[in-house]
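# Residue-level structural notes
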Amino acid sequence: MVPEAIAAFAEHAGRIGNASSLHDAGRSVRRVVEESRERIADRLGALPSEVVFTSGGTEANNLAIKGFAWAGRADGRNRLCVSAIEHHAVLDPVDWVLEHDGAEVATIRVDVAGRIDVEVLTREIAADPGSVALVSVMWANNEVGTVQPIAAVVAAAAEHGVRVHSDAVQAVGHLDVDFAQSGLDAMTVTAHKLGGPVGIGALLVRRELDPTPLLHGGGQERQVRSGTVPAPLIASFAAALDVAMTRREDLSGRLEAMRSRLQAGICALDPLAIVNGDPEPGPDHRLPHILHVAFPGCEAETLLLMLDAEGIACSAGSACAAGVPQASHVPLAMGLDAATARGSLRFSFGHTSRDADVDAVLAALPAAIERSRAASFLRTGR
Amino acid sequence: MKVIAAPARRRLIAALSGGVDSAVAAARAVDAGHDVTGVHLALSRNPRSYRSGARGCCSLEDSHDARRAADLLGIPFYVWDMSDEFADAVVDDFVSEYEAGRTPNPCLRCNESIKFAAVLDRALALGFDGVATGHYARLVEGPAGVEMHRAVDAGKDQSYVLGVLTKEQLERSLFPLGGSVKSDVRAEAAARGLSVAQKPDSHDICFIADGDNAGWLAEKLGRRAGAIVDEDGAILREHDGAYAFTIGQRRGLRLGIPADDGQPRYVLDIEPVSGMVTVGPRDHLEVDGLECIKPLWAGAVPSDPFECTVQLRAHGDEHRAVVNVVDGSVHVQLTDPAFGIAPGQACVIYDGTRVVGSATIDRTRRTAAVP
């Protein structure tokens, strides 16, 4: 967490009072919540009333998918259109309503760079616009960094009056994200990706829309998300967002420079390495802080093991509950074969990253790659 | 005889099963100054008992317990998916051995092919020096290099299921529990704050979750009708598969009518092709000689007959014997007879506490020959 966010949390963590109470203590907490809500809305180009606080990105995405799927049933909308590279926090609730509520799902393919095919989406919507409950396309992909053509997605949906949600968790703080300008109906943000605390996020929802709640109870957050409002987390979220937005352009430039140096270094030390995602830099192409590389012949899990031993933390696809590494659906959807997908690593940069970190990765990689290939060869013979 | 001094700091993989033994073994390896990385092996592909939905693989509880132990020890932790290797080398072998009328030992096969082969090879490729496990056996530096000896805790001794390891494998292995008794290991786990201190020992075959070996084999091999006969060839009843029987088995024969002499009857012989299972009295199980194949020797191949002791099944008794190696096959003359010895099991040969060699039992010689 950035110091400003820690300070904001600490300032309010000792405060007594429930923002829903009418007494003096409640009023003073409510003031913290509402002022924070206004700051967050202002930074994201939304109205304060459009900010629905949640426990984080996963809950916000669940609220968008299930909330609009359930709300749409009243007027016969039972179809969801989502990209093939969404986060599991979108794909899994989509699967859930598919299995439990008889919803239909159109999964929109992506190209080799990881960008959604808007023509396919347009055709899917046009086929039966009145049946679409929601289109959900992430603003930028969390694994390979590819920025999605949100304006084109919104235009395709708007022509038919179809609702659009975007998971902007990875984009906020790195790209120019403005809810009102985007034309989106709903958008997911979370604090911990911005240097804020874990456990707080929001779904921005246009004022006139009412997704069906996931949580029922006290009726907080315009009856959409019941539960006592966590004032210290919200104040901390607002502080982190302020910092992230203030330094966004400066930080993005610095991260893009480190990312490019790491990419060039990796390509020089391993001629087999393949950089995944959009090769073009720039805010319409890719996030500045994510580098996704396939090391053919390697297994990501052994690369991780050896880099971790050198104090380098990066990540691979996902793991099952018991911890067995699985190839991620994102590179697979981009057309990579399973072996290459399993040999891919994601390097992420943040506000604490330094040039020396890039040097450390480049120093550790040659031995890690060589040994990972040797270990992989033992198993596969190739 | 001195216990191997840890040659400075080694980079080791500690195989963490999620049980108490492997957790304490890893803790001791850390205390000894080694650079330890914890690895839990995902071995099973049994979808009903182990898999978690479509992404799944293995026992969630064991993997969780192993991870908790690694976190407590402050060591890195990874899950290695060895389910393909395990299915090929251990599960398929288990099925085909039973199908052939023999009695395999899957734990021994797993040590030979997975833990001290696939895992060790992978560890070495990744720059590690060896593998530490929670097995109960002692490695000792002898005049001709590393020797394996029985564990101090005779009841937990696992030198039998490790007897198939080569010297090269043993040189890369560490068994930190060999000098301890189980009760001390549990007490140590509790003192270290390991949450698995009171976790029950595992006894059953890990890939047969409910312990019903015969039912599991029946699912794999299907119904293969045959007869249970007495030593005169009289049919006592039909059965659904000879693979459900093991030589020396008494329980579960369900013969209905008692034997003429009223004594319990045992499986004496299994003929896999016809499916004929022969039963008879216990004394007809008595074996005084073995023919063993695929021997592995700790040192040079013995040229003259020698006196020793042999163990013929996991947790089985020791038998005095004279072993003679002829043309690569091993003749074992038992001084103390043995009962219910099944081909397919290992014969591990000891000199005192030291493992001299091992071989696979191919045929047994009955004191009273079965007709």
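Residues numbered from 1 in each chain as written. Chains lettered and ligands numbered in written order. Predicted model: local features only at pLDDT ≥ 70, side-chain atom pairs only at ≥ 80, totals over all residues.

## Here's the deal with the sheet that holds strand β5 (residues 164-167) of chain A
Hydrogen bonds along the backbone pair up the strands of a sheet, which may run parallel or antiparallel. Residues and elements named next belong to chain A. Rules: Two strands pair under a simple rule: DSSP has to find at least two bridges between them. Only DSSP runs of H or I reaching four residues or more are called helices, and only runs of E reaching two or more are called strands; each is numbered from the N terminus. The axes used here are C-alpha line fits, helices contributing only the stretch in contact, and every angle between their N-to-C directions lies in the interval 0 to 180 degrees. Each residue is represented by a C-beta atom placed from its backbone, and any two residues with such atoms within 7 Å are regarded as in contact.
Judged by pairing direction, the sheet is mixed, and its seven strands sit side by side in the order β1-β7-β6-β5-β4-β2-β3 without closing on themselves. Of all strands in the sheet, those bounded by a partner on one side alone are β1 (51-54) and β3 (104-108). The mean angle between the axes of side-by-side strands here comes to 20 degrees, regardless of whether they run parallel or antiparallel. In terms of strand pairing, strand β4 (residues 132-136) meets β5 through two bridges, oriented parallel. Considered in β5, the bridge of Ser136 is made with His165. Seen against the sheet, helix α6 (residues 150-158) touches β4 and β5 and runs at an angle of roughly 160 degrees to β5.

## Considerations on unusual backbone geometry
Residues and elements named next belong to chain A. We count it as follows: Backbone-placed C-beta atoms define the burial measure: a residue is buried with 20 or more other C-beta atoms within 10 Å of its own, exposed with 12 or fewer, and partly exposed in between.
Its identity as a non-glycine residue notwithstanding, Glu221 has a phi of 50 degrees, on the positive side. What makes Glu221 buried here is the crowd of 21 C-beta atoms within 10 Å. Despite not being glycine, Gln223 shows a phi value in the positive range, around 70 degrees. Along the chain, Gln223 falls in the loop between β7 (201-205) and α8 (231-246). The exposure class of Gln223 is exposed, given the 12 C-beta atoms found within 10 Å.

## Examining the domain arrangement of chain B
Residue and element names in this part refer to chain B. Where we set the bar: Throughout, the edges of the domains are those of an automatic or database domain assignment. Charged residues are taken to be Asp, Glu, Lys and Arg, nonpolar residues to be Ala, Val, Leu, Ile, Met, Phe, Trp, Tyr, Cys and Pro, and polar residues to be all remaining types, Gly included.
The domains assigned to chain B are domain 1 (2-191), domain 2 (223-284) and domain 3 (286-366). The C-alpha centroid of domain 3 is placed 27 Å from the C-alpha centroid of domain 2. Residue-level contacts link seven residues of domain 2 with six residues of domain 3. Split by residue class, the side of domain 2 that touches domain 3 holds two nonpolar, three polar and two charged.

## Quick notes on the packing of helix α2 (residues 24-44) of chain A against α8 of chain A
Packed helices, taken two at a time, are described by their axes: the angle between them and the distance between them. All names here are of chain A. The cut-off we apply is this: Here roughly perpendicular refers to angles of 65 to 115 degrees, roughly parallel to angles under 35, roughly antiparallel to angles over 145, and oblique to all remaining angles. Crossings are classed by handedness, with left-handed meaning an anticlockwise turn of the near helix from the far one by less than a right angle and right-handed meaning a clockwise turn.
Running from amino to carboxyl end, α2 crosses α8 at an angle of 30 degrees, the nearest separation of the two axes being 9 Å. The orientation of α2 with respect to α8, classified from their angle, is roughly parallel. The element α2 and its partner α8 pack so that their crossing is left-handed. Residues Val29, Val32, Val33, Ser36, Arg39, Ile40 and Arg43 of α2 form the contact with α8, whose own contacting residues are Ala231, Ile234, Ala235, Phe237, Ala238, Leu241, Asp242 and Met245. Counted by class, the contact of α2 with α8 contains eleven nonpolar, one polar and three charged residues.

## Brief notes about the packing of helix α3 (residues 83-99) of chain B against helix α8 (residues 213-221) of chain B
All names here are of chain B. Running from N to C, α3 and α8 point in directions that differ by 90 degrees, and their axes come no closer than 11 Å. The pairing of α3 with α8 is recorded here as roughly perpendicular in orientation. Taken together, the residues of α8 that come into contact with α3 (itself represented by Val95, Tyr98 and Glu99) are Leu217, Lys220 and Leu221. Split by residue class, the contact of α3 with α8 holds four nonpolar, no polar and two charged.

## Quick look at the confidence of the model for chain B
Residues and elements named next belong to chain B. Defined as follows: The pLDDT score gives, residue by residue, the confidence of the prediction method on a 0 to 100 scale.
Per-chain confidence: chain B averages 89 in pLDDT, with 93% of residues scoring 70 or above. Low pLDDT, under 50, characterises residues 47-57; the stretch is placed with 21 contacts to residues that sit more than four places away or in other chains. On the interface metric, ipTM, the complex scores 0.83, and its pTM is 0.87.

## Focus on the pairing of strand β15 (residues 318-326) of chain B
Residue and element names in this part refer to chain B. By the bridge criterion, six bridges tie strand β14 (residues 306-311) to β15 in an arrangement that is antiparallel. Within β15, the residue paired with Thr309 across the bridge is Arg320. The turn linking β14 back onto β15 is made up of six residues, and His315 within it adopts a positive phi angle of 60 degrees. Here six bridges tie β15 to strand β16 (residues 329-338), and the two strands are oriented antiparallel to one another. If you follow Val325 over to β16, its bridge partner there is Val330. Between β15 and β16, which pair antiparallel one after the other, the connecting turn spans two residues, and Asp327 there sits at a positive phi close to 50 degrees.

## Side note on the domain arrangement of chain A
Residue and element names in this part refer to chain A. According to the domain assignment, chain A contains domain 1 (3-246) and domain 2 (248-380). When each unit is reduced to the centre of its C-alpha atoms, the spacing between domain 1 and domain 2 is 28 Å. Opposite the 22 residues of domain 1 that make contact, domain 2 presents 21 residues. Of the residues assigned to the side of domain 1 that touches domain 2, the class counts are eleven nonpolar, eight polar and three charged.

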